[in-house]
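# Structural features, examined
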Amino acid sequence: MKGLAMKRINEIGWIEKDKPSCGPTDAIIRPLAIAPCTSDVHTVWEGAIGDRHDLILGHEAVGVVDEVGDQVKVFKKGDRVIVPAITPDWGSDAAQRGFSSQTNAPLGGWKFSNDKDGSMAEYFHVNEADFNLAYLPDEMTPEDACMMVDMWSTGFMGAENANIPLGGNVAVLGIGAVGLSAILGAKLQGAARIFAVGTRPVSVKVAKEYGATDIISYKDGDTGEQIKAATNGEGVDAVIVAGGGPDILIDAVNCARPGSVVSNINYFGAGDTLPIPRVAWGFGMADIDIHTGLCPGGRTRMEQLTALALTGRGDPGKLITHRFEGLENLEEALLLMKDKPKDLIKPVVIIDD
Ligand code: NAD
Ligand code: ZN
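Analysis parameters
- Residues numbered from 1 in each chain as written.
- Chains lettered and ligands numbered in written order.
- Predicted model: local features only at pLDDT ≥ 70, side-chain atom pairs only at ≥ 80, totals over all residues.
- Heavy atoms only, no water.
- Near = heavy atom within 4 Å.
- Polar contact = N/O pair within 3.5 Å; in protein donor to acceptor, adjacent residues only side chain to side chain.
- Areas by Shrake-Rupley, 256 points an atom, 1.4 Å probe, with all protein chains shown as cover.
- Helix = DSSP H or I, 4+ residues; strand = E, 2+ residues; numbered from the N terminus.
- Nonpolar A, V, L, I, M, F, W, Y, C, P; charged D, E, K, R; others polar.
- Domains from an automatic or database assignment.
- Pairing = 2+ DSSP bridges.
- Axes fitted to C-alpha atoms, helices over the stretch in contact; angles between N-to-C directions.
- Contact = heavy atoms within 4.5 Å.
- Buried area = accessible area lost by both parts, 1.4 Å probe.
- Right-handed = clockwise from strand over helix to strand, strands pointing away.
- Donors = N, O, S within 2.8 Å, 3.2 Å for Na, K, Ca; no water.
- Buried < 20%, exposed > 50% of the residue type's maximum accessible area, 1.4 Å probe, protein only.
- Core = buried A, V, L, I, M, F, W, Y, C linked by side-chain atoms within 4.5 Å.
- Parallel < 35°, antiparallel > 145°, perpendicular 65-115°, else oblique.

## What about the site of ligand 1?
Residues in close proximity to ligand 1 total 24 residues, the closest being Thr 38, Arg 200, Asn 266, Cys 295 and Lys 340. At 2.9 Å, a side-chain N or O of His 42 approaches an oxygen atom of ligand 1. Contact between ligand 1 and Val 178: an oxygen atom at 3.0 Å from a main-chain N or O atom of the residue. Considered on its own, ligand 1 offers 860 Å² of accessible surface; in the complex 85% of this is hidden by protein. Among the elements that make up the shell around ligand 1, the one with the highest residue count is helix α1 (residues 38-45) (three residues). When grouped by side-chain class, the residues that make up the shell around ligand 1 number ten nonpolar, ten polar and four charged. Residues from two domains meet in the shell around ligand 1; each of domain 1 (2-146 + 315-350) and domain 2 (155-292) gives at least three.

## A few points about the sheet that holds strand β12 (residues 236-241)
Sheet strands line up and pair through hydrogen bonds in the backbone, either parallel or antiparallel. Read across the sheet, six strands follow the order β11-β10-β9-β12-β13-β14 without closing on themselves; strand pairing throughout is parallel. Edge strands, defined here as strands with exactly one partner in the open sheet, are β11 (214-216) and β14 (289-292). Going across the sheet, the axis of each strand differs from the next one's by a mean of 20 degrees, ignoring polarity. Relative to β12, strand β9 (residues 170-173) is paired through four bridges, and the arrangement is parallel. Paired with Val 170 across the strands is Ala 238, a residue of β12.

## Re the domain arrangement of the chain
Frequently, the measure chosen for interface size is the accessible area removed from exposure when the parts meet. Domain assignment breaks the chain into domain 1 (2-146 + 315-350) and domain 2 (155-292). A C-alpha centroid distance of 28 Å is found between domain 1 and domain 2. On the side of domain 2, 13 residues touch domain 1, which itself brings 18 residues to the contact. Regarding the contact of domain 1 and domain 2, the summed buried area is about 1200 Å², with carbon and sulfur atoms giving 63% of it.

## Looking at the pairing of strand β13 (residues 256-264)
When β12 meets β13, the two strands line up parallel, connected through five bridges. Looking at the pairing, Val 241 lines up with Asn 264 of β13. Between the parallel elements β12 and β13, the chain passes through helix α9 (residues 248-255) in a crossover that is right-handed. By the bridge criterion, four bridges tie β13 to β14 in an arrangement that is parallel. Across the sheet, residue Val 261 finds its bridge partner in β14, namely Asp 289.

## Things to note about the coordination of the zinc ion (ligand 2)
Here the zinc ion (ligand 2) is held by the protein donor atoms Cys 37 (SG), His 59 (NE2), Glu 60 (OE) and Asp 150 (OD), which lie 1.9 to 2.3 Å from it. Positions of the donor residues of the zinc ion (ligand 2), expressed as sequence spacing, correspond to C-x21-H-E-x89-D. Taken together, the positions of Cys 37 in the loop between β3 (27-34) and α1 and His 59 in the loop between β4 (55-56) and β5 (61-68) put the pair 22 residues apart, joining distant regions of the chain. Like His 59, Cys 37 is buried.

## As for the nonpolar core
Membership of the largest hydrophobic core comes to 50 residues, with the highest contact counts inside it found for Trp 152, Leu 180, Ile 183 and Leu 319. Summarising the domain contributions, this core has at least three residues from each of domain 1 (2-146 + 315-350) and domain 2 (155-292). Ile 34, Ala 121, Phe 324 and Leu 330 belong to the second-largest nonpolar core, a separate cluster that totals 37 residues.

## A closer look at the packing of α1 against helix α11 (residues 330-339)
Taken N-terminus to C-terminus, the directions of α1 and α11 make an angle of 85 degrees; their axes are 9 Å apart at the nearest point. As the angle between them shows, α1 and α11 are arranged roughly perpendicular. For the pair α1 and α11, the contacting residues are Thr 38, Asp 40, Val 41 and Trp 45 in the first and Leu 334, Leu 335, Met 337 and Lys 338 in the second.

## Focus on unusual backbone geometry
A positive phi angle, close to 80 degrees, is found at Asn 10, a residue other than glycine. Along the polypeptide, Asn 10 turns up in the loop between β1 (2-8) and β2 (11-16). In this structure, Leu 107 is a non-glycine residue whose phi angle is positive, near 65 degrees. On the secondary structure map, Leu 107 appears in the loop between α2 (93-96) and β7 (124-126). The exposure class of Leu 107 is partly exposed, given its relative accessible area of 37%.

The following block contains the structure:
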């Protein structure tokens, strides 16, 4: 089969590999929709997780079951399924402690395009299929569902981890697909004012549709000062970090009031340490917590996100700005994610059934 791979740091290309083999609890999936991610960009062009050789990229996909192992009970060949970006080992100690995305090692639930081949191929492998797949409802298109497997799940987690009080104020720093999902998550968690910090007009439009009440441009002045000015000098109850480089944590803490949570869902792709502003952080004593998390995966999570979409709580398809038809256009879609033209939120590649 062919797949789009990271050949080494800074280089991608199509390669030939054997079709993956299916263990007793696994499934092999043929993709119907695949979305490139900013995380693929960190992986390839920043070398964020170290070098990889001929590793097939991609972790956001929806597809058809091509094969299941003999112990798989729930799914069968031909089922149309949503595949979470994170596919934990559900029996692991970390999963049993409630941290399923960190199974066996930090970020261990992130297997696709990290420690095994990902979904940018004719076929890909899913571990523990009964726990790591969910049915694609007839009412949803594969490409819309594909926006939930990482973007919604991660963005919503950003809001869940932020401990937002009902009627509290939230700032979301970075309004790409992840930050936009965090805005919708914050709205669903009961936030009152939601400050979207970003500039791309295409994102500002979706931010408003997803529930942002205030738009702040970080290019027009210091983010912390602008948020403080808009909140009687107090700052917000929760800050969700979904973009920017290392200095974004300075902005985040500058926005936060005592008792708040800075919920980071950003992937810091470079550098050894991250700065925290000492005085704004109350010299380390201001009751401003910094919380981190990796996208939640698994079947139940996907079913819950699907339920939100089907009950009209939000439309994941709003994140899609660029549609491509055919596996052969994956490379162009991924390069678009790298180059981030102004009119881009999220590209998706649709593959015929
Ligand atoms: P994106 O690049 O589309 O969006 C981030 C936005 O932040 C960009 O528009 C950028 O211009 C903006 N930005 C830069 N500096 C800023 C600043 N100082 N203040 C406010 N905004 C600023 O990226 P995305 O696809 O939305 O992903 C966001 C981040 O989430 C990435 O780092 C991605 O790798 C990461 N991610 C994390 C997880 C997870 O599990 N935690 C999952 C998926 C993606
Ligand atoms: Zn992703």
